[in-house]
Amino acid sequence: MSTRSRIGILKKNGSIESIYCHLDGYLEWVGKKLYRYYNNIDKMNALIGLGDISHLESNLEPNPDEPHKFGYDTEQKDVVVAYNRDRNEDWKFVKPLLSKDLKEFEKYCLDSDQEYAYLYDENNSKFIWSEIPWNSNEKMYFKDLEDKLVELGIVNRNLDNIIAKIIDYEKDNDFYEFRDEYDSDDDAFESLRDYFINNGFDEYKKSLKDNIMYLEEDKNDLELGKLYNKANNLLKELNDYEEDNELELWKRK
């Protein structure tokens with residue numbers, strides 16, 4: 001059976017815009033994917049903008065040079081499958097659901113056959129989640145998603161955020177080289193986490209500085225300038241992270 005879930009944005013005005021996700025709605029899949037790859041409002045807006053989805057993956061947009069349609073042998077790996085975009089279903093049946101407040105959203109969930117709800121809280125810039133009881137007379141209790149994933153040992157609080165940003169940068173820097181090296185984003189995530197835990201960030205920071213020097217002369221270019229700024233921001237975050245001794249603390253656990 002499918003583990004159905006609801007994914008949405010709790011907006012600053014209290015309203016909620018949400019979509020249905022048919023597969024793998026449990027914490028170890030949808031919860032982890034949201035935390036790793038959709039942990040900002042821009043990505044969440046893009047995800048919700050697709051309408052209802054068959055399954056959530058680490059990448060939102062398919063490679064435009066290759067087919068991406070619902071089906072075992074026609075879907076691109078690690079790419080979200082959306083009912084409208086990728087199955088040609090009528091938009092009016094799969095468009096996002098708008099709830100005026102959390103109470104209305106919870107009532108909808110409790111009357112549905114969905115099992116988990118995930119909301120990106122725009123006011124606090126973080127995810128909250130709740131199981132959806134089968135009994136519509138019960139209540140939903142939203143909790144911090146990050147805390148639960150840490151409790152389950154699925155993520156390391158700050159290290160995972162850094163690795164997600166490294167993956168995002170590396171895909172922008174050279175997508176095809178990234179795909180040649182890793183089978184999937186999750187494969188990259190686990191490989192990089194193991195590497196950094198055992199070796200630290202020194203070598204990676206050196207390569208990042210080399211890229212920044214290479215991009216320096218093109219920093220005013222529209223696209224290369226974005227990559228230049230992203231590299232500089234990532235380097236700063238890595239330095240800040242190391243100053244906090246987060247990596248060494250985790251290695252000693």
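In this report, we go over the structure that sits alongside the text. Quantities reported herein were computed from a predicted structural model and do not represent experimental measurements. Throughout, a residue's number is its position along its own chain's written sequence, starting from 1. Totals for whole chains, interfaces and linings use all residues, but because this is a predicted model, local features are given only for residues with pLDDT of at least 70 and pairs of side-chain atoms are given and counted only at 80 or more. Working from all heavy atoms in the structure, the side-chain values ignore hydrogens and water.

Thoughts on the overall build of the protein
Here is the rule: By definition, any uninterrupted DSSP run of H or I lasting at least four residues is a helix, any uninterrupted run of E lasting at least two residues is a strand, and each is numbered from the N terminus. Only the C-alpha atoms count toward the radius of gyration. The rule for a globule is 2.2 Å times the residue count to the power 0.38. For every residue, the accessible area obtained with a 1.4 Å probe (protein chains only) is divided by the maximum for its type, and the residue is called buried under 20%, exposed over 50%, and partly exposed between those limits. Should any heavy atoms of two residues lie within 4.5 Å, those residues are counted as being in contact.
Within the protein, the regular secondary structure consists of twelve helices and eight strands. Relative to the globule expectation of 18 Å for 253 residues, the C-alpha radius of gyration of the protein, 19 Å, shows essentially globular dimensions. The principal-axis extent of the C-alpha atoms belonging to the protein is close to 55 × 45 × 35 Å. Counting only residues that meet the buried cut, the protein has 46% of its 253 residues in that class. For the protein, the proportion of contacts with a sequence separation of at least 24, taken over those separated by at least 6, is 59%.

Re the packing of helix α7 (residues 159–173) against helix α9 (residues 185–199)
What counts here: Here, axes are lines fitted to C-alpha atoms. For helices the fit covers the stretch in contact, and angles between N-to-C directions go from 0 to 180 degrees. Here is the rule for angles: anything less than 35 degrees is roughly parallel, anything more than 145 is roughly antiparallel, 65 through 115 is roughly perpendicular, and the remaining ranges are oblique. Crossings are classed by handedness, with left-handed meaning an anticlockwise turn of the near helix from the far one by less than a right angle and right-handed meaning a clockwise turn. Each residue receives one of three labels: charged for Asp, Glu, Lys and Arg, nonpolar for Ala, Val, Leu, Ile, Met, Phe, Trp, Tyr, Cys and Pro, and polar for the others, Gly being one of them.
Closest axis-to-axis distance for the α7/α9 pair is 10 Å, and the angle between their directions is 120°. As the angle between them shows, α7 and α9 are arranged oblique. Classified by chirality, the crossing of α9 by α7 is right-handed. Contacts from Leu159, Asp160, Ile163, Ala164, Ile166, Ile167 and Lys171 in α7 reach Asp185, Ala188, Phe189, Leu192, Arg193, Phe196 and Ile197 in α9. Class assignment of the residues belonging to the contact of α7 with α9 gives a composition of ten nonpolar, no polar and four charged.

Looking at the packing of helix α1 (residues 27–37) against α9
Packing of α1 against α9 brings their axes to within 12 Å, and their N-to-C directions diverge by 70°. The orientation of α1 with respect to α9, classified from their angle, is roughly perpendicular. In this structure, the crossing between α1 and α9 has a hand that is left-handed. The residues of α9 that touch α1, namely those facing Lys33, Arg36 and Tyr37, are Asp185, Asp186, Phe189, Glu190 and Arg193. Looking at the contact of α1 with α9 residue by residue, the class counts come to two nonpolar, no polar and six charged.

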